[in-house]
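So the chains spell out like this:
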Amino acid sequence: EFSAEGKVQPIHITGLKAPIDGTVEEVFADVGSEVYEGQLLVRIRNGKLDTELETATAEMEKIRTRVTNLEGSISAARLEASRAEAEASRVKEVLDKADRTFQRQQMLFREGATPRLTFEKAEKDLEQAKADSDSQAGLAKAAAERVEAVQKGLDLGKKLLDDQTADLEDAKEHVASGELHSPVDGM
């Protein structure tokens, strides 16, 4: 058995610098304990970075909700546009039929083979069909424009969500930068 008295001096000293300003929240290694390279030694918290992370998370949830709502709106807008287009097509067929009837009644009226009231009714029906067709075409156009506007909003929302996701990842990295790891194996 051998015993000796003395002071143990390290061969190499590796300095550690806090990666961020803040408060030491947790210490994961005791003084004099053996550590390995990459081991987490200390976690430092910075209130400003925590707030940045919370803000980025809340903003991302807000944008995600908006995108989800827009995805529902685009489906509804497309359905509305489809219905309006189908109705415009139906009204166009009615207009075509009224035009053919009017043309026939006009020819018969010129030849004296149809009464004036029948001709005037055909003319009135044609005018009403034109008005209905114009109105429905306007509704179909408005519905298509709404689909386009909602799609643009959805595209913008998705881009904002991607940007905010990147911001959130940056905030997480900043908070994680408060973790101090051992640069080498040793004590």
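Conventions adopted
Residues numbered from 1 in each chain as written. Predicted model: local features only at pLDDT ≥ 70, side-chain atom pairs only at ≥ 80, totals over all residues. Heavy atoms only, no water. Axes fitted to C-alpha atoms, helices over the stretch in contact; angles between N-to-C directions. Helix = DSSP H or I, 4+ residues; strand = E, 2+ residues; numbered from the N terminus. Parallel < 35°, antiparallel > 145°, perpendicular 65-115°, else oblique. Left-handed = near helix turned anticlockwise from the far one by under 90°. Nonpolar A, V, L, I, M, F, W, Y, C, P; charged D, E, K, R; others polar. Core = buried A, V, L, I, M, F, W, Y, C linked by side-chain atoms within 4.5 Å. Buried < 20%, exposed > 50% of the residue type's maximum accessible area, 1.4 Å probe, protein only. Contact = heavy atoms within 4.5 Å. Expected span 1.5 Å × (residues − 1). Polar contact = N/O pair within 3.5 Å; in protein donor to acceptor, adjacent residues only side chain to side chain. Pairing = 2+ DSSP bridges. Salt bridge = Lys/Arg side-chain N within 4 Å of Asp/Glu carboxyl O. Patch = residues over 30% accessible without salt bridge, like charges linked within 9 Å, V, L, I, M, F, W, Y side chains within 5 Å. Areas by Shrake-Rupley, 256 points an atom, 1.4 Å probe, with all protein chains shown as cover. Lys, Arg positive; Asp, Glu negative; His and termini not counted. Charge placed at Lys NZ, Arg CZ, Asp CG, Glu CD.

> Would you take a moment to explain the packing of helix α1 (residues 47-110) against helix α2 (residues 116-176) for this structure?
Between two packed helices, the angle of one axis relative to the other and the distance separating the axes together describe the packing. The contact between α1 and α2 brings their axes to 5 Å, and the two run at 165°. Compared by their axis directions, α1 and α2 come out roughly antiparallel. Of the two possible hands of crossing, α1 and α2 adopt the one that is left-handed. Here the contact of α1 with α2 is built from residues that sort into 34 nonpolar, 14 polar and 20 charged.

> When you look at the nonpolar core in this model, what are you seeing that I'm missing?
Most often, soluble globular proteins keep nonpolar side chains buried together rather than apart. In this structure, Ile74, Val147 and Leu154 are the most contacted members of the largest nonpolar core, which totals 18 residues. Contributing elements (two or more residues each) for this core: α1 and α2. Beyond its immediate sequence surroundings of up to four residues, Val147 is in contact with Ile74, Ala77, Arg78 and Ala81. Ile20, Val35, Leu49 and Val175 belong to the second largest nonpolar core, which has nine residues in total.

> In this structure, what is going on with α1? I would like to understand it.
Along an α-helix, a turn takes 3.6 residues, which lines up residues three or four apart on a common side. Between the first and last C-alpha of α1 there are 91 Å, a value that for 64 residues agrees with the 94 Å anticipated at 1.5 Å per step. Here α1 starts with a cap whose side-chain oxygen sits 2.8 Å from the backbone nitrogen of Lys48, and that cap is Asn46. Of the residues trailing α1, Gly112 is marked for its positive phi of about 80°.

> Got a minute to help me understand the pairing of strand β2 (residues 40-45) in this structure?
The two faces of the sheet receive side chains in turn, since in a regular strand these alternate between them. For β2, a buried count of five out of six residues is recorded, marking the element as mostly surrounded by other parts of the structure. One ladder, built from four bridges, connects strand β1 (residues 23-27) with β2; its direction is antiparallel. Counted as the bridge partner of Thr23 is Arg45 from β2. Relative to strand β3 (residues 179-181), β2 is paired through three bridges, and the arrangement is antiparallel. Paired with Arg43 across the two strands is Glu179, which belongs to β3.

> For this particular structure, what's the right way to read the pattern of salt bridges?
Taken as a whole, this structure holds 12 salt bridges when the rule is applied. Ionic pairing is found between Arg45 and Glu25, a salt bridge with its closest N-O pair at 3.3 Å. Residue Arg45 is located in strand β2, and its partner Glu25 is located in strand β1; the two are separated by 20 residues in the primary sequence. With a closest N to O distance of 3.1 Å, Asp96 and Lys92 form a salt bridge. Here Asp96 pairs with Lys92, and both are found in helix α1, just four residues apart, close to one helical turn. Under the relative-accessibility criterion, Asp96 is labelled partly exposed at 31%. Residue classification places Lys92 among the partly exposed positions, given a relative accessible area of 41%. Overlapping salt bridges, with partners in common, bring together Glu25, Arg45 and Asp50 in one network.

> Sorry, what's going on with the sheet that holds β1 here?
Hydrogen bonds between backbone groups are what pair the strands of a sheet, and the pairing can be parallel or antiparallel. Strand order in the open sheet formed by three strands is β1-β2-β3, and the pairing between neighbours is antiparallel. Strands with a single pairing partner mark the edges of an open sheet, and in this sheet they are β1 and β3. Pairwise comparison of adjacent strand axes, ignoring direction, gives a mean angle of 25° for this sheet.

> In this structure, what is going on with a negative patch on the surface? I would like to understand it.
On the surface, Glu52, Asp167, Asp170 and Glu173 cluster together into a patch of negative charge. When residues in the negative patch are grouped by element, the largest group, three residues, is from α2. Within the element layout of this structure, Asp170 appears in helix α2. A relative accessible area of 38% places Asp170 in the partly exposed class.

> Teacher, can you tell me more about the side chain of Gln164 here?
Considering the arrangement of structural elements, one finds Gln164 in helix α2. At a separation of 3.2 Å, a polar atom in the side chain of Gln164 contacts the main-chain carbonyl oxygen of Ala56. Discounting residues that sit within four places of it in the chain, Gln164 has contacts with Ala56, Glu59, Met60 and Ile63.

The quantities given are spatial measurements derived from coordinates; they are silent on function.
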